[in-house]
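Given next are the chains, with one letter for each unit.
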Amino acid sequence: MKKSSREKLNLFFSAFLVLGFIICAYFFMELTSTMANHTLASVINIAVAILFGLIVFYATRVGEGKPVKRFSPIVLCVLVVPTLFVIVASLAEAFPLHEEIAKHSEVIMLAGVAFGYGVPYTFLSGFELIEEVEEVDEVVEGGLAQELAQTEDEEAEVEVEDVTEEDVAELEALDGAEEKDTEE
């Protein structure tokens, strides 16, 4: 499928958005590294990483068509819950693996990006193009196909009358008379 100029422009702006956010996030994280309160700096850095994940989701899921809304328990269990555990364990000292996770800021940032990407992906998987296919019933003139189409039209035109009890009794009487004739 050939991409239109509008799609190319959307891709360019999406890539520019992601690159711009990476540069701004780097300087923002350098600024928060000088903060005296280490926990607050970690919370701000995780929030920036989650926001980056949301922007990456937007940048990769832009499209024309209708949004596909669905709940994906697999994404929730495999991506969102573990990344949430890593984020909370990096902040809460009582969690298991806190010491190991808190040492590695790269793991925490990756968990934040994965969490930011995974939450909307759990409920909205992107856009789906719906191809409108027109079904055209072309009947070749003459032949079996035309005869079948005509008989279907004639059958559709037949009106069904209301059947009364008297009609049913007459039909049963006629059916009974035919059975006697066949026995003889």
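Just above sits the structure.
Residues numbered from 1 in each chain as written. Predicted model: local features only at pLDDT ≥ 70, side-chain atom pairs only at ≥ 80, totals over all residues. Heavy atoms only, no water.

Visitor: Give me the overall build of the protein chain: which residues, what numbers.
Guide: Along its length, the protein chain carries 7 helices and 2 strands. Along the protein chain, helices (α) and strands (β) appear in the sequence α-α-β-α-α-α-β-α-α when read from the amino end. Counting over 184 residues, the protein chain shows a buried share of 21%. Summarising the internal contacts of the protein chain: among those between residues at least 6 apart in sequence, 73% fall at separations of at least 24. Here the protein chain displays about 14,500 Å² of accessible surface, and carbon together with sulfur accounts for 61% of that area. (Helix = DSSP H or I, 4+ residues; strand = E, 2+ residues; numbered from the N terminus. Buried < 20%, exposed > 50% of the residue type's maximum accessible area, 1.4 Å probe, protein only. Contact = heavy atoms within 4.5 Å. Areas by Shrake-Rupley, 256 points an atom, 1.4 Å probe, with all protein chains shown as cover.)

Visitor: Describe in detail unusual backbone geometry, supporting the description with residues and values.
Guide: For Leu97, which is not glycine, the phi dihedral falls at a positive 70°. Looking at the secondary structure, you find Leu97 in the loop between helix H3 (73-91) and helix H4 (98-103). Leu97 sits in the exposed class, given a relative accessible area of 54%.

Visitor: Give me the lowdown on a negative patch on the surface, citing residues and values where you can.
Guide: Taken together, Glu165, Glu166, Asp167 and Glu170 make up a surface patch of like negative charges. Along the chain, the position of Glu170 falls in helix H7 (residues 165-183). (Patch = residues over 30% accessible without salt bridge, like charges linked within 9 Å, V, L, I, M, F, W, Y side chains within 5 Å. Salt bridge = Lys/Arg side-chain N within 4 Å of Asp/Glu carboxyl O. Lys, Arg positive; Asp, Glu negative; His and termini not counted. Charge placed at Lys NZ, Arg CZ, Asp CG, Glu CD.)

Visitor: Describe helix H2 (residues 38-60), naming the residues involved and giving the relevant values.
Guide: Given 3.6 residues per turn, any residue in an α-helix points the same way as the ones three and four places further on. Taking 1.5 Å of rise per residue, the 23 residues of H2 would be expected to cover 33 Å, and the 33 Å separating its terminal C-alpha atoms lies within 8% of that figure. All buried positions along H2 are accounted for by Ala41, Ser42, Asn45, Ile46, Val48, Ala49, Phe52, Gly53, Ile55, Val56, Phe57 and Ala59. (Expected span 1.5 Å × (residues − 1).)

Visitor: Can you lay out the environment of Ala114 for me, pointing to particular residues and giving the numbers?
Guide: Mapped onto the elements of the fold, Ala114 is located in helix H5 (residues 105-123). Those residues in contact with Ala114 that sit more than four places away from it in its chain are Leu79 and Thr83.

Visitor: Break down the side chain of Asn45 for me, citing the residues and quoting the values.
Guide: Here Asn45 lies in helix H2. Looking at Asn45, the relative accessible area reads 14%, which means it is buried. Leaving out residues up to four positions away in the same chain, Asn45 has contacts with Met29, Thr32 and Met109.

Any functional reading would require information beyond the geometric quantities listed.
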